[in-house]
Amino acid sequence: MLPGLLRCARPISTRLAFIRPLAHFRPHMDPDPSRPVERSIRTKLTNTLQPDHLEVHNESHMHAVPPGSESHFRVLVVSSRFEGLPLIQRHRLVNETLKEELSSCVHALAIQAKTPEQWGSNPALAKSPPCMGGSRGDHTVEEKLKGGRE
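Note that the structure is predicted; figures quoted are calculated from it, not measured. (Residues numbered from 1 in each chain as written. Predicted model: local features only at pLDDT ≥ 70, side-chain atom pairs only at ≥ 80, totals over all residues. Heavy atoms only, no water.)

### Quick look at the overall build of the chain
Consideration 1: A tally of helices and strands in the chain yields 6 helices and 3 strands.
Consideration 2: Expressed as a percentage of its 150 residues, the buried residues of the chain come to 39%.
Consideration 3: A sequence separation of at least 24 residues applies to 69% of the contacts in the chain between residues at least 6 apart.
Consideration 4: Element-wise, carbon and sulfur atoms account for 57% of the exposed surface of the chain, whose accessible area totals about 9,300 Å². (Helix = DSSP H or I, 4+ residues; strand = E, 2+ residues; numbered from the N terminus. Buried < 20%, exposed > 50% of the residue type's maximum accessible area, 1.4 Å probe, protein only. Contact = heavy atoms within 4.5 Å. Areas by Shrake-Rupley, 256 points an atom, 1.4 Å probe, with all protein chains shown as cover.)

### Quick look at the pattern of salt bridges
Consideration 1: Per the stated rule, a full pass over the model turns up 5 salt bridges.
Consideration 2: With a closest N to O distance of 2.9 Å, Glu96 and Lys99 form a salt bridge.
Consideration 3: Taken together, the shared-partner salt bridges in this structure form one network comprising Lys44, Glu100 and Glu101. (Salt bridge = Lys/Arg side-chain N within 4 Å of Asp/Glu carboxyl O.)

### Brief notes about helix α3 (residues 87-97)
Consideration 1: Among the residues of α3, Arg90, Val94 and Thr97 are the ones counted as buried. Here the buried residues of α3 occupy an arc of 65° about the axis, which is enough to place them on one side. (Arc of directions from axis to C-beta.)

### Description of the sheet that holds strand β1 (residues 53-58)
Within a sheet, adjacent strands bond to each other through the backbone by hydrogen bonds, running parallel or antiparallel.
Consideration 1: An order of β1-β2-β3 is seen for the 3 strands of this open sheet, with the pairing classed as mixed. The open sheet has two free edges, formed respectively by β1 and β3 (108-114), since each of these has just one partner strand. The sheet shows a mean angle of 10° between the axes of neighbouring strands, taken without regard to direction.
Consideration 2: Its contacts with the sheet place α3 against β2 (72-78) and β3, and it is angled at close to 125° to β3. (Pairing = 2+ DSSP bridges. Axes fitted to C-alpha atoms, helices over the stretch in contact; angles between N-to-C directions.)

### A short note on the nonpolar core
Consideration 1: Of all hydrophobic cores here, the largest spans 17 residues; its most connected members are Ile41, Leu45, Phe73, Val75, Val77, Val94 and Leu109.
Consideration 2: Top element by residues in this core is helix α2 (residues 36-49). It accounts for 4 residues.
Consideration 3: Once you skip the residues sitting within four places of it in the chain, Val94 turns out to touch Leu45, Leu49, Val75, Phe82, Leu109 and Ile111. (Core = buried A, V, L, I, M, F, W, Y, C linked by side-chain atoms within 4.5 Å.)

### Focus: α2
Consideration 1: Taking 1.5 Å per residue as the helical rise, α2 with its 14 residues ought to reach 20 Å, and the 20 Å between its terminal C-alpha atoms agrees with that figure.
Consideration 2: Among the residues of α2, Pro36, Val37, Glu38, Ser40, Ile41, Arg42, Leu45 and Leu49 are the ones counted as buried.
Consideration 3: Against β1, β2, α3 and α4 (99-104) lie the buried residues of α2.
Consideration 4: Phi for Gln50, located one or two positions after α2, is positive at around 40°. (Expected span 1.5 Å × (residues − 1).)

### Some points on the environment of Leu109
Consideration 1: Among the secondary structure elements, Leu109 is positioned in strand β3.
Consideration 2: For the pair Leu109 and Val75, spaced 34 residues apart in the sequence, the C-alpha separation amounts to 7.4 Å.
Consideration 3: Not counting chain neighbours up to four residues away, the residues in contact with Leu109 comprise Phe73, Val75, Val94, Asn95, Leu98 and Leu102.

### Observations regarding the confidence of the model for the chain
Consideration 1: Model confidence for the chain is summarised by a mean pLDDT of 74, while 63% of its residues fall at 70 or above.
Consideration 2: Mean pLDDT across the secondary structure elements of the chain bottoms out at helix α1 (residues 2-6), with 46, and peaks at α3, with 97. (pLDDT = per-residue confidence, 0-100.)

### What about the environment of Ala108?
Consideration 1: Inspection of the secondary structure puts Ala108 in strand β3.
Consideration 2: Discounting chain neighbours no more than four positions away, the residues touching Ala108 are Ser71, His72 and Phe73.

### Remarks on the packing of α2 against α3
Consideration 1: Where α2 contacts α3, the axes come no closer than 9 Å and their chain directions differ by 125°. Taken together, α2 and α3 sit at an angle that is classed as oblique. At the point where α2 passes α3, the crossing takes the right-handed sense. Contacts from Lys44, Leu45, Thr48 and Leu49 of α2 reach α3 at Leu93, Val94 and Thr97. (Parallel < 35°, antiparallel > 145°, perpendicular 65-115°, else oblique. Left-handed = near helix turned anticlockwise from the far one by under 90°.)

What follows is the structure, encoded as structure tokens:
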């Protein structure tokens with residue numbers, strides 16, 4: 001449990017890394033090492049669903065949480081694994097893949113789960129509504145964030 005919570009903490013310092021560009025490099029799928037929760041989400045979704053397209057957006061800055069938090073995310077997953085599955089089953093696959101993050105440091109996860117055909121006909125990411133401040137009264141968010149910083 002503790003290692004899962006520690007991933008919620010934002011590192012105090014960052015390292016400089018020199019990365020050689022790759023011919024198949026896709027920026028939307030490249031994990032940011034300074035964002036451990038985002039990196040974990042990307043890695044798990046990539047390994048489990050083998051997406052054709054993956055976007056992970058940290059929307060924590062749009063909510064009533066401290067700066068640098070990793071608690072609110074929106075994901076767009078395009079995978080052939082979703083073929084023939086109803087939307088609820090697709091969401092369950094994503095939720096099951098991210099159960100550790102959802103039970104520890106992620107407070108909110110918006111999911112768009114599309115097949116490659118659906119993505120081809122509508123390659124759009126839905127926009128999130130503005131924060132209504134709902135997490136201000138939710139002490140579980142505060143506890144998760146506090147646990148991640150310890």
